[in-house]
Amino acid sequence: MTLRKTLLQSCFMKPLVRPALLFACILFPLTVPAVADDSALHDFQARRQAFLELCLQDNGHGPYGELARLAAGGNLQEDAVLSALESIDERHDCSDFKLHGILRLLYQFGNDPRVSEDVIEKCKTTVLHFKYWPDEPGIDSMCTWSENHHILFASAGYLAGQLYRDEEFTNSGRTGREMMAVNKPRILRWLDLRFRTGFSEWLSNVYYDEDLAALFDLADFCHDQDIAQRARMVIDLVFADIAFNSYRGVFGSTHGRTYEAEKKWAADENTSCVSYLAMGAGVLSGANMSATCLALSTSYRVPRVLEDIANDTQHPEYLNRQRIGIRVRDGRTWGIGYDSFEDGMVWLSLEAYTCPRTINLTARMLDSFHWWQNDFFEPFQRRRRFFENARRLHALPLVAHVFRHDLQRNTREQVDIYTYRTPNYMLSTAQDYRKGYGGDQQHIWQATLGPDAVCFTTHPARDRQRSETPNYWAGSSTLPRAAQLKNVSIVVYNIAEGHALYMPNDFDFTHAWVPKDKFDEVIERDGWLFARKGDGYLAFRSQHPYTWQDKPGIDENREIIVQGRKNFYICELGRRATDGSFKAFRDHIAAARVSYRGLNVTYDSPSQGHLEFGWRGPLKQNGKTVPLHESMRYDNAYGQVQFPAETVEFRLGDNWLRMNWNTATRQASSFE
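Anyway, here's the lowdown on the structure attached to this text. (Residues numbered from 1 in each chain as written. Predicted model: local features only at pLDDT ≥ 70, side-chain atom pairs only at ≥ 80, totals over all residues. Heavy atoms only, no water.)

## Things to note about the sheet that holds strand 24 (residues 647–652)
Taken together, three strands build an open sheet; the order of strands is 24-25-26 and the sheet is antiparallel. Each edge of the open sheet carries a strand with a single partner, namely strand 24 and strand 26 (665–668). Across the sheet, the mean angle separating the axes of adjacent strands is 5° when strand polarity is ignored. With six bridges joining them, strand 24 and strand 25 (residues 655–660) adopt antiparallel strand pairing. The residue of strand 25 that forms the bridge with glutamate 649 is arginine 658. Strands strand 24, strand 25 and strand 26 of the sheet are contacted by helix 11 (residues 225–244), whose axis makes an angle of about 50° with strand 26. (Pairing = 2+ DSSP bridges. Helix = DSSP H or I, 4+ residues; strand = E, 2+ residues; numbered from the N terminus. Axes fitted to C-alpha atoms, helices over the stretch in contact; angles between N-to-C directions. Contact = heavy atoms within 4.5 Å.)

## Describing the packing of aromatic side chains
By the definition in use, this model includes 46 aromatic pairs. Relative to phenylalanine 199, the ring of tryptophan 190 lies with its centre 5.8 Å away and its plane at 75°, an arrangement referred to as edge-to-face. This pair shows no difference in class: tryptophan 190 is buried, exactly as phenylalanine 199 is. On the basis of an interplanar angle of 35° and a centroid distance of 5.1 Å, the ring pair of tyrosine 537 and phenylalanine 582 is categorised as tilted. (Phe/Tyr/Trp six-rings, centres within 6.5 Å; stacked < 30°, edge-to-face > 60°. Buried < 20%, exposed > 50% of the residue type's maximum accessible area, 1.4 Å probe, protein only.)

## Some thoughts on unusual backbone geometry
A cis amide bond links threonine 469 with the next residue in sequence, proline 470, at an omega value of -5°. One can find proline 470 in the loop between strand 7 (454–458) and strand 8 (481–485). Between phenylalanine 643 and proline 644 the backbone carries a cis peptide bond, its omega angle lying at -5°. In this model, arginine 248 sits at a positive phi of 50°, which is unusual for a non-glycine residue. Looking at the secondary structure, you find arginine 248 in the loop between helix 11 and helix 12 (260–264). Given a relative accessible area of 13%, arginine 248 falls into the buried group. Phi at arginine 434 takes a positive value of approximately 50°, unusual for a residue other than glycine.

## Observations regarding empty space enclosed by the protein
This structure, assessed with the given rule, holds seven cavities of 30 Å³ or more. Roughly 90 Å³ of volume is contained in the largest cavity. Lining of the largest cavity is provided by Ile359, Thr362, Ala363, Leu366, Trp372, Phe380, Phe387, Glu388, Arg391 and Leu396. At the level of secondary structure, the elements contributing two or more residues to the lining of the largest cavity comprise helix 17 (359–368) and helix 19 (384–392). Per-element tally for the lining of the largest cavity: the top contributor is helix 17, with four residues. Taken as a whole, the second largest cavity spans an internal volume of roughly 50 Å³. Considering the residues around the second largest cavity, the lining is formed by Ile242, Ala243, Ser246, Gly249, Ser275, Met279, Ala281, Ala310, Thr313 and Arg421. Contributing elements (two or more residues each) for the lining of the second largest cavity: helix 11 and helix 13 (272–279). For the lining of the second largest cavity, the per-class residue count stands at five nonpolar, four polar and one charged. (1 Å grid on protein atoms, 1.4 Å probe; cavity = no way out; pocket = protein on both sides within 12 Å on 5 of 7 lines; lining within 4 Å. Points joined across faces, edges and corners; volume = space filled by probe spheres on them. Nonpolar A, V, L, I, M, F, W, Y, C, P; charged D, E, K, R; others polar.)

## Concerning the side chain of aspartate 343
If you trace the backbone, aspartate 343 turns up in helix 16 (residues 341–349). Using a relative accessible area of 12% as the deciding quantity, one classes aspartate 343 as buried. Other than its neighbours up to four places away in sequence, aspartate 343 contacts Arg189, Gly335, Ile336, Gly337, Tyr338 and Leu361.

## Examining the environment of methionine 289
Note on placement: methionine 289 falls in helix 14 (residues 289–296). Separated by 224 residues in the primary sequence, methionine 289 and glycine 65 place their C-alpha atoms 8.9 Å from one another. Non-local contacts of methionine 289, meaning those with residues more than four positions away in its chain, are made with Tyr64, Phe97, Leu152, Asp209, Glu210 and Ala213.

## Details of the pattern of salt bridges
Tallied over the full model, the rule gives 52 salt bridges. The shortest N-O distance in the salt bridge between arginine 186 and glutamate 342 comes to 2.8 Å. With arginine 186 in helix 9 (residues 176–197) and glutamate 342 in helix 16, the pair connects residues that are 156 residues apart, well separated along the chain. Accessibility expressed as a relative area gives 6% for arginine 186, which makes it buried. One network of salt bridges, in which partners are shared, links Glu260, Lys264, Arg464, Asp555 and Glu559. (Salt bridge = Lys/Arg side-chain N within 4 Å of Asp/Glu carboxyl O.)

## A look at the nonpolar core
Phe51, Val127, Phe239, Leu538, Phe540 and Phe650 are the most contacted members of the largest nonpolar core, which totals 187 residues. Counting residues per element, this core draws most heavily on helix 11, which supplies 12 residues. Filtering out sequence-adjacent residues up to four positions away, phenylalanine 540 remains in contact with Trp445, Cys455, Thr457, Ala512, Val514, Gly527, Trp528, Leu529, Ile560, Tyr569, Ile570 and Cys571. Listed in part, the 12 residues of the second largest apolar core include Leu193, Ile336, Tyr338 and Cys355. (Core = buried A, V, L, I, M, F, W, Y, C linked by side-chain atoms within 4.5 Å.)

## Section: the environment of alanine 261
Relative to the assigned elements, alanine 261 resides in helix 12. By relative accessible area, alanine 261 is classed as partly exposed at 28%. In the structure, alanine 261 is positioned 212 residues away from glutamine 49 in sequence and 28 Å away in space, judged by C-alpha atoms.

## Let's talk about the packing of helix 16 against helix 17
Packed helices, taken two at a time, are described by the angle between their axes plus the distance between the axes. Running from N to C, helix 16 and helix 17 cross one another at 105°; their axes reach a closest spacing of 10 Å. With respect to their mutual orientation, helix 16 and helix 17 come out roughly perpendicular. On the side of helix 16, the interface is formed by Phe341, Asp343, Gly344, Met345 and Leu348, while helix 17 contributes Leu361, Thr362, Arg364, Met365 and Ser368. Counted by class, the contact of helix 16 with helix 17 contains five nonpolar, three polar and two charged residues. (Parallel < 35°, antiparallel > 145°, perpendicular 65-115°, else oblique.)

## A few points about the layout of surface pockets
Taken as a whole, the largest pocket encloses approximately 730 Å³ of empty space. The wall of the largest pocket is formed by 36 residues, among which Phe376, Asn410, Asp440, Thr469 and Tyr502 lie closest to the centre. Those elements that place two or more of their residues in the lining of the largest pocket are helix 10 (207–221) and helix 18 (378–382). Class assignment of the residues belonging to the lining of the largest pocket gives a composition of 16 nonpolar, eight polar and 12 charged.

Below you can see the structure in the form of structure tokens.
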């Protein structure tokens, strides 16, 4: 397993490596099938063929593995489909993930002789009996509302209704045509917000995988060509997000939602395989949702310019800035009210459960949808008497305000992304994002020098043994205030003490992930931790002394711990081409003046000059204020797009992509 992972990690170091190496990485020590030469990686069809051949040899991956097997010419393993149907029938959480695999099976292979009539009939029965929206009968613990689930459920309801237009859906009592009618506005509203404002689960190396599965199914199977076309346009923007914020196939950016493994190990990113398939940058790793749907898509082709951008890593420096998402207080601007359940589901796609403007609506939804019994709302159940008493006194908005830093930890409002990349590293930060609020699964900043040679910080929320988020590494108990200027990030923690209704700030320390064994050199000097990966350099400093985690386990010599509730972290990246030798880089950084005064720091960066930052006030460079909040949907070398987006154009060399949301037009110089 160790050798396999080492090989996998090596695949990321150069996005255009031989397919044979990729197969060796994944299948080792299995027999490696014949593959094409280097030129194949410039060809989507060759990458697709490599993916399908891999899936033909690989068991598992549920219905998506079976879809890939069928597309590769293999036979269906019925037990995998029947197991998925059982899970869907029992309404386990993430049933919607599996359901989209079943719908693609019915649409794409419903008349295939390799799929028995018995399997088709069982699939149909499951589809007709499923619960597609929380207003339908039944008590369950499915999450139906977060951004990815929202489109998965809505699109599944529409596509199921389209498939069985005149049948009765037994759980809701609706006909298929009625299912289409009720879900169409939900789909269009979701697509509209994503194109114009972006994803609240921003740059998620987990949930973009699920979004893409729903979008590919709409693009391929929806008979309403307006919906299908808009789905293709949003797919383009997902791939643009990945291309703009990746380093040599590693989606090592800030994320709105991610988990421990996906932050630490690039091979575990759910988007890695679909990135490889779509753009030739990533790793070929098996039949997950999005990769399978792209490989099997009958209507979507990747604009060539996105592949060009994803592999355009040789510029001395590259800067991408993005404004993503909306604010709860601006709901009326976006046509989102605070009274109807349909509006409530939109707010819950941002997980804005307990904002002063939304908490009364959430309470009504808890009642009407039987969510008091849903496991995801267990923290509300524990405090139900308190919430009910506050509700009777019309005081829920006041409670939401007083405990806002605790209760609104899940909420993902507007975020301003700053990603800076060179041939040897990438640094990415959510600028000045919700400082002091509790965090859930947000990942605020990261330095990436290789697939697993990364650095980031968090404030732990639970001990190492707890898996629910936020936990020891995923998310944060308290979010920092962070700011970035090109290759320098400054991160401030100011962890409050006090009462909490959901999650108290129990831990009096922050920590950083700096895996010694994944860098080529690690040297500690003058309060700085220096690390080198190839010709890329990391300098990392804590205001207060740190200690290495030295207990046996995955964190041994990879975690540094800093005691105290207030702390500054400074991260500066460098490289041989601009900073000389690793020793010269260390000497310059070690000689730089750093001073702290309360919750303010000044740092004389060798590359960026005199920097000033703190818990309050602006970021200043040589006395001048540096803006932290963006006004553009996209702002980089490949395109400048206004916020909210109506028209989008990206260009690199002779290749381009041009989209107009108002007319639902999508044009490109060429497609894969």
